[in-house]
Structures are given as structure tokens and as C-alpha cells.
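Architecture at a glance
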Amino acid sequence: MPKYSFTLNGKTVQVDAPGDLSVLWALRDKLGVTGPKYGCGINVCKACTSHLNGKAFNPCVTDLRDVAGKDVTTIEGLAKGDQLHPVQEAWLEQDVAQCGFCQPGQIMAAVALLKRTSNPTDEDIDAIENVCRCGSYFRIREAIKAAAAKMATPVAGPAAGGPSVPDVAPGQLPATGPGVATAAAGAAALAAAAATRLLRDADETEA
Amino acid sequence: MTDVQGYDDTSGTDAAGTSRRRFLTYLMAAPTLAVAVQYGLLDGVADAVVPTQPQQAENFDLGDFLILAGKPTEDQLIVIEVDKAGKVHCALPREEVGQGITTAVAMLIAEEMDVPLANVTVTLAPGRPELMYNQLTGGSNTMRSVYAPTRTAAAATKARLLAAGAQRTGVPISRLQLRAGLVVGEGHSIPIGDLTQAAASPTLAMGAVEVKDPSAFTLVGRPQNRKDARAMVTGQLKYTNDLEPVPGLLRAMVRRPPTINGTVKAIVNEAAIKKMPGVRALAIIPTGVAVLADTFGQALDAKEALEVTWNAGTVDAEDNASILDTLKAVNAPLGPALGDAVEGEFDFAFVNHAPMETNTAIADIKATGGTVWAGMKSPIVAAQFIEDDLGLPRGSVTAVVTQGGGSFGRRLFFDGALEAARISKAVGKPVKLMWTRVDDMRHGRARAASHHLVRATLAGGDVVRFEHHVASVETDFRHGLGEIMTANGAAFGDPALIPISAGGAATFSQSVFGSTIKSPYNFGPTTQMLNEANLPMHTGSFRSVYSANTRGAEEIIVDEIAKALGKDPVAFRIEYAKDPRYAAVIKKCGELGAWGTKLPSGFAQGFGFHAEYKSCTACLVEIDARDPKKPRVTKAAIVGDYGLPINPRGLESQLLGGLTDAISTTLRAGLHIDKGLALEGSYSQFHFARQKDAPREVKIHIMPATTGEPGGAGELGLPSAVGAVANAYARATGTKPRRFPIIFPVDFTPFTKGTGSTRVQPR
């Protein structure tokens, strides 16, 4: 059996399995890492959403051989010890979860979004495809906005330099439309530069 | 101040039966319990409407029936334990699938015992056969059925701790109090953990056991976030598939037939499959061919590579059109109209429950018995059924209840646990079974399709008669009341699962229909009846059972009646509401959602109302249907009256969930049955709402306590929202929606039937 090695939540792991075994089952059945959930197996429910080299990916449709030598982060690796990620904190404050099954994937998708853009618009949030069968979407939306504000707030203020160009990846520019910025999102906009700095710091810490 | 009797008198519409029931409930709960709510007639409530005689669901609903069935075992239901560290534990004999019941029960215990909420842990009890009919999680009945027993048990625990404190200190019980987990008084302060041993003594001299007056509640009734949320957001919460309770669990998947209830004729390539990587065993079971492997990935590969020949299923010739024909044939016609009438004929497609966690179970079955682990809402009958199916003695199978990844009615049944047990017995090893999404959607249970004939007869500017004839594919209630005797009584026969048992099914369905469906309006003599078509398909109760379709259709007609009478739909509902509580909720919701706001062309508001299980709710949505094929609900305002709200935060969650269910099933989510199997196989095809379909603005208001007893919560939010979404769509597009979901093309390439293939994804 071939062996594949990759970094999982900061630690090097090795898996003895065929190269075409999906990462989801390598994580769950070989490594006992069960945060990423099976919901469809074909990348349409997104319940398994995790990060590969800091970007959202779906382990259910990624072969084990394709993560060799790379950096995988699952929901288990998001908090730093007992210190939750601001997105996780926002999820608790907004009391988002009902059954909770999709929420690891929702949170990883939100963290990835906030890495791309510190001040996501409603259109950006609409583009998150993760299914929540309990229908908690509105609270997810509110939690993402609260997390964006939370990540901007610590160094926010008049000295922060005011609005700047958000850290938006190509293809992620907000669509024009009747989107209405909320107070939370507005506050985040004021500190976009600071937030961008924070997010980059976070990127480096996780890498 | 007035009591409940006074409230009933004020409402002027409820019969004496209601008062008697409440009296009994109060007596059970506590002699000191009293309610202090002043009711007056709301402006806009006219008395010229034609009253409707009380309906069964108003006097004695399904929840009352379930509570009554649980009475003989009620004193054993809730067991509270205090450990030496002062932590309080309760293993709740109900199933948590996202409703927030473990948090709500912890709140009741913390409230009654005066211990910090953080010190109370509520877990899920395994199947407890001695509870008989009192371990079924359904009918929105958990908080209704555990409210009094939990408070009583917590109050008794507190009384024991105070008595032990009195014994230790010599201070009379009356001068001691329990505060924040300490027994205090006269300068003493003893952690309750230090008193557990003395408190457990059978010879302890006890003081009176009194539950708190709800007016003294400091925790119950205030918004509380979920206690299990941290485990969820860190990935630590263990669902069935995340557990390894015994070593050496083989991963099991089942290759299923190309039609519902088809059976295996032969396996063609058994030897080749057994040589595949990680594959350990194959077994033919009543529902297909089980493949066992080291990982689910390998089991899935082998399942897809299997070549199997199949015998016919039970509905191979059926499709949505033929099923609709059958429903029309069994429905009783309305008869000639006796005057001006507003009429509608409605159709609702099958809807998969589609919980995020597919049917999943672990089973370890040995020659003399064993254990199953799964998210189960009826664990007693699950174990009993497995015992009978495998020829094991009664009491030999333990059902361990795990927290479920959603249910929406699905986990009333134990299809996964039964199948896992059969496989474990067949291969002689412990197994972990998971259904693929495709199988869960095509072979899992669904809400039955239904057909509706609704008519309101008008005379003299009023509604003088209301008729609603429902035809539905039979809903499977074989979980009964959660125990084998009533389960057999509800059997209608399904060759793949359960031996045919005569009779019972129709009676059970009629009982559920009659004890849940009522009209909230004074529309004169009212007839609501159910006619069933017995098609051997996999159905089951879906959130709000008959109400989503039945009451949803009625709320659409209500708007059309108002229009025919030249009245505003919200004012009309207030005018005809049977109960001042209803009128108050409708009025509040209209205010919350700014009913009557002028909107651009293509946008519209819609309103719906629903009452069941002693609760009621109104929903107002705004829709953007400028493109009628791509509508989006943009805003929602919802108001709920739960009699006695325990955790408003959790109730808001349930209303939000009901709204999303309604948006989905009204606009785009349904199943196309084609040659005996659903075409839809995953979320890319079954269009349950995603973030882009959900409103960006939602306001929810929970009414303060109105009756003093908790009403049902989990299912309440769906039917009113169905009405609101459909009515908004109707107004925005100038159409009369009659078939649901409204937008329902086969806009995908179906997965090949019988292969269960999911590796390649046509989108």
C-alpha cells in the first residue's frame, strides 16, 4: 500500500491507502479526524469543506495523492488551543447551529471567504453554497458579518486609516446590485485595512 | 390578574373541555402554578362572524394524546443526578436532532434547582423499554411532555439537598435556600456536591416539594444559546458516523435496487468485488447487497462496481402523474356548491426529508443479542423490532441514542439501525453503516404527495361554510407510539421491511390527522377530511405532518376569500380568528413586517398564519419575483406564541428553520417519481434552499407567556410560511399557485438508476 504524507492541522501525518481514496475517508476512516462530514460525496452539499494550503477545498472529491506534501486544515485545526477563531466565536454568539452537522463546513467556508475579502457583501455571502438543511442561513449571514466586524475591531478607529481597497481575490469582486450594507458590515469597512493585516497574519500563522 | 378559566371565558370560543384539560395539567405540574395574563378583545375582532364548532384538534390534540399515553410512566421519565463535584446530570429520554431540547431541559433543571446552567449537563438516554409509550420524540411534544416531570424531578432533588443541608447544619429547612449551586442560610454555605450522599438517604426527613411559580423564573423564558454549540463549531460533537464504540467496525454500504422495494435476484460478479482493495465481505439482505470494507471510500467503490440482477419493486409503474391520478380517484368530491364559492385544487409533490446526516447506524449483533447506535426518535420500538426481525429474545438488543444530524421526521424511523443490525448478524461482525446521499434521497423516506380540494362558501359578505378534502399517499406511522404494540397497530405492510399486519394503519392516520388539523378561523361549519391511497412506498411524517400542505393550501384560499370579500388579508384573518391569541399574533406580525408597504412591480408581500399544538404563529414575507422562474424571498417577519416560551432563542431557530423549509418546498424542492424511483439523487437536483435563496432580513418576535403551559414548537413554523411564500408569489406574479413546488422542472441529468453512482456529478 502506498504511503502519503501531508500536514494536518499543523502536524505531519502519514496514510497508508490507495492514492485515489478520497481525502474525506482518509481523514475520517484512517486518521480519525471526523470534523469534516459526508453529506453528498460529490461536492454539492459542501459539508466537508476544509482548507488546502489556506483555501477552501472539498475532501470528498479530492484524491489522497493530490494532498501529498500539502497543508490540510480541518475544523479541528481552526482554534488555537482553547482560543476560538473569531468566526467560531461569532457562530456561538449568533447561536447559529441547530443540528450542527453542516456547521464545520459552513465555518470553514466563511473563514475562507473572510480571507479573500475582509468585508464581504451580501452577494459574497450568497455565493456560499454550503447546504444547511436546518435552514440557519440568516444566522450564518449575521455571524459572518459579526465575525468580519470582530476581526476588524481590535485595531479599528480613526487612526486605522479609513476605508481602503479590501483584499478581494480575482473573480470575487462584489456584484453590483441592491445589496444593503448593514451596520456591522459598515463598521468593518472602516477598518478594512486593519482587517486585511490581521487576516494576513492569520494566514501566516496557519501556513 | 385572571386565571386560565377567565381567559377561556374571554375568548368565548373554546369549549369547556379546554379548561378541564388545563386544570388537570396544572394539578400535575404544581398546585402553586398560576398564570397572570390580562386578555381583552383586540380591536378589529368582530362578533358577526359565523362561529365554528370546536374541532378535535382544539380540544384534544396529538400532543395531549402522547402525554396521556406517557402518563403511567411519567414518574420514571426524568431522572436527575447530582455528583460530588456539584454537577447535575440528566439523561433525557428523547432525541436531539437540532431542536435544542437538551438546552431547554437544562434550563428547566437549572431554574428549578437554582444551580448555574453551566453545571447542568443533559445527555440522551438509551432506549428504556420500561417507559413504554413515553420515549417517542415527535408531534412537537418534547417540551410539552417533559415540562412538568422535569420541574417536579428537579424540585424534588432540590428539596432533598435542602433537607440534607438542614440535617448537616441544624438549621430548619425553611431557613435554607439553594443559590447558585450552594445551600445557604444562617451563615452556612455548602456546595451541593458535599450533600449528595446525605441527600440520597431514604430516611431523610424531607420538606415540601414545590415547583417555582413561573412568575419567579429568572432563566426560563429568557434567550439562551445552545449548550452544545461549542462542540459543534469545533468539530467535536460526535454523530453516529464519528463514533467507534467497539473496535474493528467494518464500513458497510448497501447497493440498492433500481426501483423502490426491489429485491436481489443474484450477484453477478461477487468474486471480482471481493478482490477489490479493502473489501472484506458481501451479504444479501432484504434491502439489497451489503458491501463491507475498511473505509467508506472503498465500500463505495465496491458498491458501484457490483453487478446485481433485481426482482421487481412495489411501485415500478408509478410516476408523479399516475400517483396524482390515484389521489384524485380516492379523494371524496366536494359536491355541488351551495352559493358563491372560492375554490382551489392543490397538489404537493413528494419531499425528501434530506437531513444532512444520511441514514447511519452502528450495530454489534451477537448470537444472543447486541447493541445498535443511531440517531433514533423511537429507540424502544427500534430495539424490539430488531429483536423480532433477527429472532432474538425481547430485551436482548440495546438501542443507544446518538445526537442526530437533522431529522425533520426522518428519524422517527430506524431504517439504518435495522439494516445495520441485519448486516452485523449476517457477517458476524460489528459494522458501521452509512447510506449514500443518492440512496437516502431515492430509497429513504419522504413526505407523501397530496391532493387537495378546498372550498369556502360565501353568503351575505361572510364565510358560511368551509370544506377541505385531502387525499394523500399513505403516511407510514409504523413507529406507533414508540413501542411495538402500537407499531404493529399502525402497520400497513411493506414487504422489504415489515411483515404485513392487518388493519390499524388507516385508523392511526385518521387519528393523527384529526388530532392535528384544525381551522383557526370562524368559517362556519368546517369539514377537513383525509383520504389515503395505499402505495407501498417509503413515506414518513415530515415536519408538521399533514399541516404544511393542508394548512398551507388553506392559507392560500384565505387570501383568495379576503380578495373576494374586498378585505385586506391581514385584517380579514384578525376578524375571523377563533382565539384572541391568534388575532394578537397576526396583528403583531403585520406590524413587525410593515404589512401594506408599497413595493415596486414584481415584488410583493404575503401573509400566513397557523395554529397547532397549543401554539400559533404568523409569517409575513416579501418576495422578489420580477423573474417568475427565479423568485427570491427577500425579507421575513415571524411572530410566535408558545403559551409559555422556555427558550425564546431556540424558538426563533425553529421558526427560521420552518421558514427555510417553506421557501424550499413551496418554490423549488420536490421529488419526481419516475418508474418507481425518484429522479433526484442529491442536493444539486433536489433544490433545498441555499444561502442565495434565503432572505437577507429576518425579524422574529416571540410573544411573552400567554397560557402558562408550553405549546409545541418544532413543527409550528412551516405551514404559515408556506402560506406566506405562496401568497407573496401569487401577488407578485398575478397567478394562483396550485401545484407545489411552483418551479419544478427536471433541470438535471439524473444519476443512473440502480448503480447508486455518485462519483461523476452531472450538475
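Just so you know, these numbers come straight off a predicted model, no measurement behind them.

Further remarks concern the overall build of chain A. The helix and strand inventory of chain A stands at 7 helices and 5 strands. Starting at the N terminus and walking to the C terminus, you meet the elements of chain A as β-β-α-β-β-β-α-α-α-α-α-α. For chain A, long-range pairs separated by at least 24 residues make up 72% of all intrachain contacts whose partners lie at least 6 apart in sequence.

This part takes up the overall build of chain B. A count of helices and strands for chain B gives 22 helices and 28 strands. Relative to its length of 763 residues, chain B is compact, with a C-alpha radius of gyration of 27 Å against a globular reference of 27 Å. Seen through its C-alpha atoms, chain B measures out along the principal axes to roughly 80 × 70 × 45 Å. Relative to its full complement of 763 residues, chain B shows a buried share of 60%. Across chain B, contacts joining residues at least 24 apart in sequence account for 80% of those joining residues at least 6 apart.

Picture the strands of a sheet paired through backbone hydrogen bonds; they go either parallel or antiparallel. Residue and element names in this part refer to chain B. The mixed open sheet is built from 7 strands, whose spatial order is 9-10-7-17-14-15-16. Two strands in the sheet have a free side with no partner beyond their single neighbour: strand 9 (279-285) and strand 16 (397-401). Across this sheet, the average inter-strand angle for adjacent strands is 25°, counted without regard to direction.

Compared with the 22 Å implied by 1.5 Å per residue over 16 residues, the 23 Å span of helix 5 (residues 137-152) of chain A between its first and last C-alpha is a close match. With respect to burial, helix 5 of chain A is a largely interior element, 15 of its 16 residues being buried.

With that out of the way, let us pick up the domain arrangement of chain B. All names here are of chain B. Each assigned domain of chain B is listed here: domain 1 (78-212), domain 2 (245-314 + 353-438) and domain 3 (331-351 + 446-740). Each of domain 2 and domain 3 has a C-alpha centre, and these two points are 34 Å apart. On the side of domain 3, 23 residues touch domain 2, which itself brings 22 residues to the contact. Of all the secondary structure elements, the ones that give two or more residues to the side of domain 2 that touches domain 3 are helix 13 (379-390) and helix 15 (437-442). Among the residues making up the side of domain 2 that touches domain 3, the classes are represented as 11 nonpolar, 9 polar and 2 charged.

For the rest of this paragraph, the subject is the domain arrangement of chain A. Residue and element names in this part refer to chain A. Looking at the assigned domains, one finds that chain A contains domain 1 (3-77) and domain 2 (86-170 + 180-206). Listed by partner, the interface residues are 16 residues for domain 1 and 14 residues for domain 2. Looking at the side of domain 1 that touches domain 2, its residues break down into 6 nonpolar, 7 polar and 3 charged.

All names here are of chain A. Secondary-structure assignment places alanine 143 in helix 5. Owing to 28 C-beta atoms within 10 Å, alanine 143 belongs among the buried residues under this scheme. C-alpha of alanine 143 to C-alpha of glutamate 76: the two residues are 67 residues apart in sequence and 19 Å apart in space. Not counting residues within four places of it along the chain, the set of residues in contact with alanine 143 comprises Ala90, Trp91, Gln94 and Val96.

Time to look at the nonpolar core. Residues and elements named next belong to chain B. In terms of nonpolar packing, the biggest core is built from 282 residues, with Ile109, Ala252, Val291, Val372, Ala417, Ala420 and Val725 touching the most fellow members. For this core, the leading source of residues is helix 7 (residues 142-169), giving 13 residues. Look past the residues within four positions of isoleucine 109 in its chain and what remains in contact with it is Ile80, Val88, Cys90, Val120, Thr150 and Ala154.

A few words now on the interface of chain A and chain B. Chain A puts 49 residues into the contact, and the matching count from chain B is 50 residues. Within the residue set of the side of chain A that touches chain B, elements represented by two or more residues are helix 1 (23-30), helix 2 (86-93), helix 3 (103-116), helix 4 (122-126) and helix 5 of chain A. No other element matches the 5 residues that helix 5 of chain A contributes to the side of chain A that touches chain B. Residue classes in the side of chain A that touches chain B are distributed as 26 nonpolar, 13 polar and 10 charged.

This brings us to unusual backbone geometry. Comment: phi is negative for the bulk of residues other than glycine, and the bulk of peptide bonds are trans. A cis amide bond, omega 0°, links Phe740(B) with the succeeding residue Pro741(B). The topology assignment puts Pro741(B) in the segment after strand 28 (739-740). Positive phi values are uncommon outside glycine, yet Asn43(A) reaches one of about 60°. Residue Asn43(A) is classed as buried on the basis of its C-beta count, with 20 C-beta atoms lying within 10 Å. With a phi angle near 70°, Asn261(B) is a residue other than glycine that sits in the positive phi range. By the element assignment, Asn261(B) lies in the loop between strand 7 (250-255) and strand 8 (264-267). Residue classification places Asn261(B) among the buried positions, given that 23 C-beta atoms sit within 10 Å.

Let's shift gears to the confidence of the model for chain A. Per-residue confidence for chain A gives a mean pLDDT of 81; residues scoring 70 or more make up 74%. Taken together, the stretch residues 156-207 of chain A has pLDDT below 50 and engages in 79 contacts with residues farther than four places along the chain or on a different chain.

Here the focus is helix 14 (residues 415-427) of chain B. Residues and elements named next belong to chain B. For helix 14, with 13 residues, the first-to-last C-alpha span of 18 Å sits near the 18 Å given by 1.5 Å per residue. Asp415, Gly416, Ala417, Leu418, Glu419, Ala420, Ala421, Arg422, Ile423, Ser424 and Lys425 are the residues of helix 14 that are buried. Two residues or fewer past helix 14, glycine 428 is found with a positive phi of approximately 70°.

Our focus in this paragraph is the packing of helix 6 (residues 101-113) of chain B against helix 7 of chain B. Residues and elements named next belong to chain B. At their nearest, the axes of helix 6 and helix 7 sit 8 Å apart, and the two run at 35° to each other. For helix 6 against helix 7, the interelement crossing comes out right-handed. For the pair helix 6 and helix 7, contact is made by Ile101, Ala104, Val105, Leu108, Ile109, Glu112 and Met113 and by Thr142, Met143, Val146, Tyr147, Thr150, Arg151, Ala154, Ala155, Thr157 and Lys158, respectively. Looking at the contact of helix 6 with helix 7 residue by residue, the class counts come to 11 nonpolar, 3 polar and 3 charged.

So, on to the confidence of the model for chain B. Residues and elements named next belong to chain B. Overall, the prediction assigns chain B a mean pLDDT of 90, with 91% of residues at 70 or greater. Taken together, the stretch residues 1-47 has pLDDT below 50 and engages in 65 contacts with residues farther than four places along the chain or on a different chain. Every residue in residues 492-503 is under pLDDT 50, and counting partners more than four places away or in other chains gives 15 contacts.

What counts and how
- Residues numbered from 1 in each chain as written.
- Chains lettered and ligands numbered in written order.
- Predicted model: local features only at pLDDT ≥ 70, side-chain atom pairs only at ≥ 80, totals over all residues.
- Helix = DSSP H or I, 4+ residues; strand = E, 2+ residues; numbered from the N terminus.
- Contact = placed C-beta atoms within 7 Å.
- Rg over C-alpha atoms; globule rule 2.2 N^0.38 Å.
- Buried ≥ 20, exposed ≤ 12 C-beta atoms within 10 Å, placed from the backbone.
- Pairing = 2+ DSSP bridges.
- Axes fitted to C-alpha atoms, helices over the stretch in contact; angles between N-to-C directions.
- Expected span 1.5 Å × (residues − 1).
- Domains from an automatic or database assignment.
- Nonpolar A, V, L, I, M, F, W, Y, C, P; charged D, E, K, R; others polar.
- Core = buried A, V, L, I, M, F, W, Y, C linked by C-beta atoms within 7 Å.
- pLDDT = per-residue confidence, 0-100.
- Left-handed = near helix turned anticlockwise from the far one by under 90°.

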